[in-house]
Structures are given as C-alpha cells and as structure tokens.
Amino acid sequence: MKNHPEPNRRRLLAAAVALGAVASLPSAFAQTAGAARATADNPTAARRRLGPFEVYPIGLGVQWHPGRTPDAVVDLYASSTTRQGGIALIRRAADLGVTLFDTAEVYGPFLSEELLGEALQGSLRDRVVVCTKFGFDVDPATGQRRGGVNSRPEHIRQVVEAQLRRLRTDRIDLLYQHRVDPVVPIEDVAGTMRDLARQGKVLHWGLSEPGLQTVRRAHREYPVAVIQNEYSMLYRGAEARVLPLCEELGIGFVPWSPLGMGFLAGAVNAASRFETPDFRASVPRFAPDVLPANMALANLVKTWAARKNATPAQLSLAWLAAQKPWIVPIPGTTNPAHLEENAAAASVSFSAAELTELNAAVAAIPIRGERLSPAVLSATGVEAAPKR
C-alpha cells in the first residue's frame, strides 16, 4: 500500500499479537497505542485510559455524508462543510491534541473514511488512534446499502481490506462491530478479529450497542477493548448494566451522541421542528408534543454551564468524562469553532460534591420519548446467534 513510512510495522505488530502483547506493546509502538505527543496548542493536554489506549479525554466523531454538490459534506443534523473543510477540521483537531478519531464504513458510505484517511496521512497517523466500524450490509466495491447487517467472516475480511485502502493505513487501531448480527455467532466474529490481529491489520476490536450476553461471549473468545453506545445526560441507559459490565471486564467506553444530537449544546429549543433529512425528524424525544417538557434538562445544563464558566456543550462533555475515568466521548461537528469548544471541555472538572449535586439534578428530570425511531432502536441490544 502507498504512504506507509514503516513497511515492516504490520509484521512487527502481528508478531506482538502472536506473543499476546498487543495491550502492552513496547515503546516503539507507544504512539500507535494512542499515547500521542502534546501539541503546541495544548502542551500539557491530559490523557486517560480507554481500554488499551491512552488518549485525549475528548475524541472526534467523523460521521459525514455526501451533500448535494460534488464537494459538499453534510452530517445527520443539517450542518455542512466541504471536503477540504472536513480535512482541515480533522487536522485542526489533531493540532488541538485530540487523538481519538471515530468513523465507520457506512458513514457516506465510504466518504468519512476517505476524508479521515486523507487528513491523517503522513506523520499525523502515528500520533492518533483510528477507529472505524463494520457490520452493516454494504457492498464493499460499490457502497450500495443492501439492507440489514452482515458480519459473516468472509464479508468482514473484504470490508477491512477496503477500509485500509480508504484510510491510507496499514492497520486499524480499533475496529467495532457496528451492530450485532443476530445470525452470526459472536465467537465467529471474535475469531475473525483475532485472525486480523495476527496479520497486523486490526490492533483491537470493540462492539457498538451489543446485547450484554454477547459482550461476555465475545470477551471470552477474544478480549473486547471498547464498547460504544449512546450515552449522555439526555439518555443514561448505559448506567444500569453496560457501564458496570465494562468495569467488571476492564472494557473502555465511548459514548456516541454525547451532546444529545445538539440538544445539550443549546442548539434546540421548545419551538424547534425537524424535517427530513435531519435525523432528529424521526427521533421521538424531539417530537413537538414532548420537546417542551424535555427542555427542563437543557435549562439545567445552561444553569450549570454558567456556574462552571463553561458552555453547555463543554459542561455536558465534562459530565460524561467525570462519570468514569475510562469514558471518552466523541462529539461530531463540521464547525471549527465547535471543535475548539468541544476540545476545551477537557479542562472542565467537578468536585465530588458538585458531581453528586449535578447527578441528582439530572436524575430528577424525566425525559419523554424514545431515544431512537423503532426501526433503529430494534438493532440495539441484540444478542448474537449461539455457537453450534
């Protein structure tokens, strides 16, 4: 492959996996494991553990899709930029000290991986942790969405080869199963991850929105590094069973939609109305009949943000990071100003008394409406087929 300054890296990584040493690779691979150097913008940037990685406390979600013109890039919430604007934003994130970059095959499809790969080529690649996902039934050659999920081992291998090309890299630091495939035993998926690790193509793997028994089965077969689920002050479902399971098994946790689809950042008010293609148009908690009641949480966030001399977005991200030392949220944006705002959330902290008070205040506000549409929600918490 092109643009690989260290052609022997994959062989060395594969040898490390064979020796059972991936989680504690020697210093020559410290950057690959996520211990990025401090930057001029943030010379004393904090780091935290995320499974086997050491990363900046705030990551970047790269979930972009083609716009109406060849150069246009849009997100799920009607925000937009250009291809070059997206590339510049990713590079700016790295300059700010951000080290965890999250994307997926299905985001575009392919576009987000392509832009991330272009942005991080060269020396930047060794300073960051690149995360992507497989699992939806996407034609690896054309990008056609064929509907449903697909985690058959032969399909996973095809997807990974294409992802490596799009990301312009010789290895994926963290590869998630995007959604559990109910007809493929998770042991088969985990075994495929082990094979790819032995080849040096995938360093660690994770699961997104999995059933809890599937996590245990997967972890027994080949250790799971990270789980990625929705989690924010707007949706706290992970607290009951998922976070305790992560703590028990030593698995890191990445919250997707950490700003509640803009709700917690102050981008939504009681009169907000959403139309397709804005993703929130199909999300029940944003429906006109429940949104005014849900604004009580947004008002609480604004009050606490003022108290902490922070923005609502910063307050919300800092709250997530304060819940567990192994949680790293991945807010997405197309706006450079929002990127800088989000990254600065790493400097916001709470005393033990403040966190207890805020947690109690958040818990006292009931949220009306489901977190996702019925069709999307049905793919979460799925248990994989038993191994025969």
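What you see as residue numbers is a count from 1 along each chain, following the sequence as written. The model is predicted, so local features are restricted to residues of pLDDT at least 70 and side-chain atom pairs to those at 80 or more, both for listing and for counting; the totals for chains, interfaces and linings are taken over all residues. Remark: hydrogens and water are excluded; side-chain values derive from all non-hydrogen atoms of the structure.

Undergrad: Before we go on, may I ask you to explain the overall build of the chain in this structure?
TA: Only DSSP runs of H or I covering at least 4 residues are called helices, and only runs of E covering at least 2 are called strands; the numbering of each starts at the N terminus. For the chain, the helix and strand inventory stands at 12 helices and 14 strands. Summary of the burial criterion: residues with accessible area below 20% of their type's maximum are buried, those above 50% are exposed, and those between are partly exposed, where the area comes from a 1.4 Å probe applied to protein chains only. When the 388 residues of the chain are sorted by exposure, 56% land in the buried category. Contacts: residue pairs with any heavy atoms within 4.5 Å of one another. In the chain, of all internal contacts separated by at least 6 residues, the share reaching a separation of at least 24 is 75%. With residues, only the protein chains shown are counted as cover, and all accessible areas are computed by Shrake-Rupley using a 1.4 Å probe. Accessible surface computed for the chain: about 15700 Å², of which carbon and sulfur atoms make up 52%.

Undergrad: Whenever I open this one, the pairing of strand S10 (residues 145-149) confuses me. Can you help?
TA: Along any regular strand the residues' side chains alternate between the sheet's two faces. Of the strand pairs in this sheet, strand S9 (residues 136-138) and S10 are connected by two bridges, and their pairing is antiparallel. Residue pairing for S10: phenylalanine 136 is matched across the bridge by valine 149. The pairing criterion for strands is at least two bridges between them, as found by DSSP. Once S9 ends, the chain turns through six residues before running back antiparallel as S10, passing glycine 143 with a positive phi of about 85°.

Undergrad: Help me out: how do you make sense of the sheet that holds strand S4 (residues 65-66) in this one?
TA: Sheet strands line up and pair through hydrogen bonds in the backbone, either parallel or antiparallel. Within the open sheet, the three strands sit side by side as S4-S5-S6. Their pairing is antiparallel. Each edge of the open sheet is held by one strand with a lone partner, namely S4 and strand S6 (80-82). As judged from the two bridges shared by S4 and strand S5 (residues 72-74), these two strands associate in the antiparallel manner. When the sheet's bridge partners are listed, proline 66 is paired in S5 with valine 73. Interaxial angle, 0 to 180 degrees, is taken between N-to-C directions of lines fitted to C-alpha atoms, where a helix line uses only the stretch in contact. Sheet contacts for helix H2 (residues 83-95): S5 and S6; angle to S6, the most-contacted strand, approximately 95°.

Undergrad: Would you explain the side chain of aspartate 139 in this entry?
TA: Inspection of the secondary structure puts aspartate 139 in the loop between S9 and S10. Distance and chemistry together define a polar contact, namely a pair of N or O atoms within 3.5 Å, with one atom able to donate a hydrogen and the other to accept it when in protein, and with adjacent residues in sequence counting only for side-chain atoms on both sides. A distance of 2.8 Å separates a polar side-chain atom of aspartate 139 from the backbone nitrogen of alanine 141. Setting aside chain neighbours within four positions, we find aspartate 139 in contact with Phe110, Gln144 and Arg146.

Undergrad: Sorry if this is basic, but what is going on with the packing of aromatic side chains here?
TA: For any pair of aromatic rings, geometry is given as the distance between the ring centres together with the angle between the planes. Between rings of Phe, Tyr and Trp, where Trp is taken as its six-membered ring, a pair exists when centres lie within 6.5 Å; planes separated by under 30 degrees are stacked, by over 60 edge-to-face, and by other angles tilted. A complete count under the given rule lists four aromatic pairs for this structure. With a centroid separation of 5.8 Å and 55° between ring planes, the pair formed by tyrosine 231 and tryptophan 319 is classed as tilted. With tyrosine 231 in the loop between strand S13 (226-230) and helix H7 (242-249) and tryptophan 319 in helix H9 (residues 312-323), this residue pair connects regions lying 88 residues apart in the sequence. Judged by relative accessible area, which is 0%, tyrosine 231 ranks as buried. Their ring planes at 80° and their centres at 5.6 Å tell us that phenylalanine 274 and phenylalanine 286 sit as a pair that is edge-to-face. Highlighted residues: phenylalanine 274 in the loop between strand S14 (252-256) and helix H8 (291-307) and phenylalanine 286 in the loop between S14 and H8, separated in sequence by 12 residues. Its relative accessible area of 19% is what places phenylalanine 274 among the buried residues.

Undergrad: Any chance you could explain the nonpolar core here in plain terms?
TA: Across soluble globular proteins, nonpolar side chains show a tendency to be buried alongside one another. Counting residues in each nonpolar core, the largest one holds 95 residues, and the members touching the most others are Phe101, Trp205, Phe253, Phe263 and Leu297. With eight residues, H8 is the single largest residue contributor to this core. Once residues within four sequence positions are removed from consideration, tryptophan 205 is found in contact with Leu174, Leu175, Ile186, Val189, Ala190, Met193, Ala218, Tyr222, Pro223, Val224, Ala225 and Val226. Core analysis: the second largest hydrophobic core is formed by 13 residues, Phe53, Leu174, Val328 and Ile330 among them. Take the buried residues of types Ala, Val, Leu, Ile, Met, Phe, Trp, Tyr and Cys, join any two whose side-chain atoms come within 4.5 Å, and each joined set is a nonpolar core.

Undergrad: How should the confidence of the model for the chain be read in this particular structure?
TA: Predicted coordinates in regions of low pLDDT should not be interpreted in detail. Known as pLDDT, the predictor's confidence for each residue is given on a scale from 0 to 100. For the chain, per-residue confidence averages 91 on the pLDDT scale, and residues scoring 70 or more make up 88% of the total. Under a pLDDT of 50 for its full length, residues 1-7 has, in the predicted model, 11 contacts with residues more than four places off or in other chains. Here residues 18-40 is a poorly scored stretch, pLDDT under 50, and it has 44 contacts once near neighbours within four places are set aside; other chains count.

Undergrad: Explanation requested: the environment of aspartate 95 in the structure shown.
TA: Following the sequence through the fold, aspartate 95 ends up in helix H2. Judged by relative accessible area, aspartate 95 falls into the partly exposed class, the value being 34%. A sequence separation of 29 residues divides aspartate 95 from leucine 124, and the C-alpha atoms of the two residues are 9.3 Å apart.

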